[in-house]
Amino acid sequence: MLGNVGNDVIAFRGIRGIQRADFMRYRFRFNKRIETVDKTTTIPKWRYRLFKYGFIVSLLLLIVCVLVNYNYMTFKLLVGGNYIFTDALDVLYKETLGEENLKGYMWNFDHFVVSAVTEKIRSVNDDRYTYLYTPQNYQLSKDVEKADAASARIEELTPDIIYMILPNVSKGTKDFVLENKDVLKNYKNLILDLRSNYGGMLMDFYTIAELFTERGEVLGYEKTRIPFLTHSVKSGNGKFFDFKQIYILQDGNTASAAEGMILALKDNVDNVTTM
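Read on for an overview of the structure. Bear in mind that the values here come from a model prediction, so they are computed numbers and not experimental data.

**Digging into the environment of V183**
Item 1. Checked against the element boundaries, V183 lands in helix α7 (residues 171-184).
Item 2. Along the primary structure V183 and I154 are separated by 29 residues, whereas in three dimensions their C-alpha atoms are 9.4 Å apart.

**Thoughts on the nonpolar core**
Item 1. Among the nonpolar cores identified, the biggest contains 32 residues, and L190, L192 and F212 are the most heavily contacted of them.
Item 2. Per-element tally for this core: the top contributor is helix α9 (residues 257-268), with six residues.
Item 3. Within the second largest apolar cluster, six residues are counted, among which are V79, L89, Y93 and L97.

**Topic: the pattern of salt bridges**
Item 1. This model, assessed by the stated rule, comprises six salt bridges.
Item 2. A salt bridge links D110 to K76, with the nearest nitrogen and oxygen atoms 3.2 Å apart. Taken together, the positions of D110 in helix α5 (residues 109-125) and K76 in helix α3 (residues 70-82) put the pair 34 residues apart, joining distant regions of the chain.
Item 3. Using a relative accessible area of 30% as the deciding quantity, one classes D110 as partly exposed.
Item 4. The residue E145 makes a salt bridge to K142 at a minimum N-O spacing of 3.0 Å. Within this pair, E145 and its partner K142 are both found in helix α6 (residues 135-149), separated by three residues, close to a single helical turn.

**Some remarks on unusual backbone geometry**
Most peptide bonds are trans, and most residues other than glycine sit at a negative phi.
Item 1. Here the phi dihedral of S196 falls at roughly 60°; this positive angle occurs in a residue that is not glycine.
Item 2. Position of S196 relative to the elements: it lies in the loop between β3 (189-193) and α8 (202-210).

**A few points about the pairing of β3**
On any regular strand, side chains alternate: one points to one face of the sheet, the next to the other face.
Item 1. Of all five residues making up β3, five are buried, and the element is well covered by its neighbours.
Item 2. Burial along β3 is two-sided: N189, I191 and D193 facing one way and L190 and L192 facing the other are all buried.
Item 3. Sheet analysis places strand β2 (residues 161-165) next to β3, joined by five bridges and oriented parallel. Of the residues in β3, the one forming a bridge with I162 is L190.
Item 4. Considered for its hand, the β-α-β crossover made up of β2, α7 and β3 is right-handed.
Item 5. Relative to strand β6 (residues 245-249), β3 runs parallel, the two being bridged by five bridges. Along β6, the bridge assignment pairs D193 with L249.

**Let's talk about α3**
Each α-helix turn comprises 3.6 residues. Residues three or four places apart therefore point the same way.
Item 1. Given a rise of 1.5 Å per residue, 13 residues ought to cover 18 Å, and the 17 Å separating the end C-alpha atoms of α3 matches this to within 8%.
Item 2. Within α3, the full set of buried residues consists of K76, V79 and G80. Buried residues of α3, viewed axially, fall in a sector of 85°; they line one side. The exposed set on the far side of α3, more than 90 degrees from its buried face, consists of Y70 and N71.
Item 3. Buried residues belonging to α3 abut α4 (86-97) and α5.

**Details of the environment of F176**
Item 1. Tracing the sequence through the fold places F176 in helix α7.
Item 2. Between the alpha carbons of F176 and I154 there is a distance of 9.6 Å; along the sequence they are 22 residues apart.
Item 3. Among all residues touching F176, those that are not within four sequence positions of it are A152, R153, I154, M164 and L166.

**Thoughts on the packing of aromatic side chains**
Item 1. What the rule picks out here adds up to ten aromatic pairs.
Item 2. Taking 5.1 Å as the distance between ring centres and 35° as the angle between the ring planes, the aromatic pair formed by F241 and F243 counts as tilted.
Item 3. Owing to a relative accessible area of 5%, F243 belongs among the buried residues under this scheme.
Item 4. A network of ring pairs unites the aromatic residues F212, F240, F241 and F243 as a single cluster.
Item 5. Between K181 and the ring centre of F240, over which it is positioned, the NZ or CZ distance is 4.9 Å.
Item 6. The side chain of K185 reaches across the aromatic face of F240, ending 4.7 Å from its centre.

So, how was this worked out
- Residues numbered from 1 in each chain as written.
- Predicted model: local features only at pLDDT ≥ 70, side-chain atom pairs only at ≥ 80, totals over all residues.
- Heavy atoms only, no water.
- Helix = DSSP H or I, 4+ residues; strand = E, 2+ residues; numbered from the N terminus.
- Core = buried A, V, L, I, M, F, W, Y, C linked by side-chain atoms within 4.5 Å.
- Buried < 20%, exposed > 50% of the residue type's maximum accessible area, 1.4 Å probe, protein only.
- Salt bridge = Lys/Arg side-chain N within 4 Å of Asp/Glu carboxyl O.
- Pairing = 2+ DSSP bridges.
- Right-handed = clockwise from strand over helix to strand, strands pointing away.
- Expected span 1.5 Å × (residues − 1).
- Arc of directions from axis to C-beta.
- Contact = heavy atoms within 4.5 Å.
- Phe/Tyr/Trp six-rings, centres within 6.5 Å; stacked < 30°, edge-to-face > 60°.
- Lys NZ or Arg CZ within 6 Å of the ring centre and 35° of its normal.

This is how it looks when you write it as structure tokens:
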């Protein structure tokens, strides 16, 4: 009897052990399932920190921007939104922007300020190179620039000499040079006419100058009032042209990026003569 009881106790304990093992196995699987779900749904700590610090930096930059521009923003609100003598504003806005471009005092206030300030600079400095970058004036300047670029041309003077005139430095003249580079390469000497070339975009000047210079040679320096934005610009491509002699024509109206092109060629190419 006791023996049977003992066997029953052992059997009972055995069942308990199996049940406990099954429970532990089930709990392990359950925990593993939770861990897997957590890994797929929770945000990694590094991503959370990146978001947090990015938000803080963005907020600080916004605060700085508001503080730096507080006076201008207040002035804009007072004049554009609350100035009672609107007849005077109508005259100023229409003279500066044109009646067809007037949409509202607040809406056009920035355009009005930019146009008025740059026009004042031009009148004091007699400066034709300070552009009026309001939308309508910007479009007008681009149309004039495109029309001028269309007058670029090349002409064979002798079997060894090719003449090229560039009226400005723009996308149009850059494309003109690139389209004709294989023709230009067939001549030993180049006469580059930059007289009355009022310049243009620096990136277009760099692209043209790269055809004359070796990779890594300095084309110019872009110096700004913010020190870390000041940098040198180097040629990124290999030399394409190999003229025996280059003659550059210039005058008192040669300016801006055209002057930069002359300096880049004189500093990096040995056979350049300016006239």
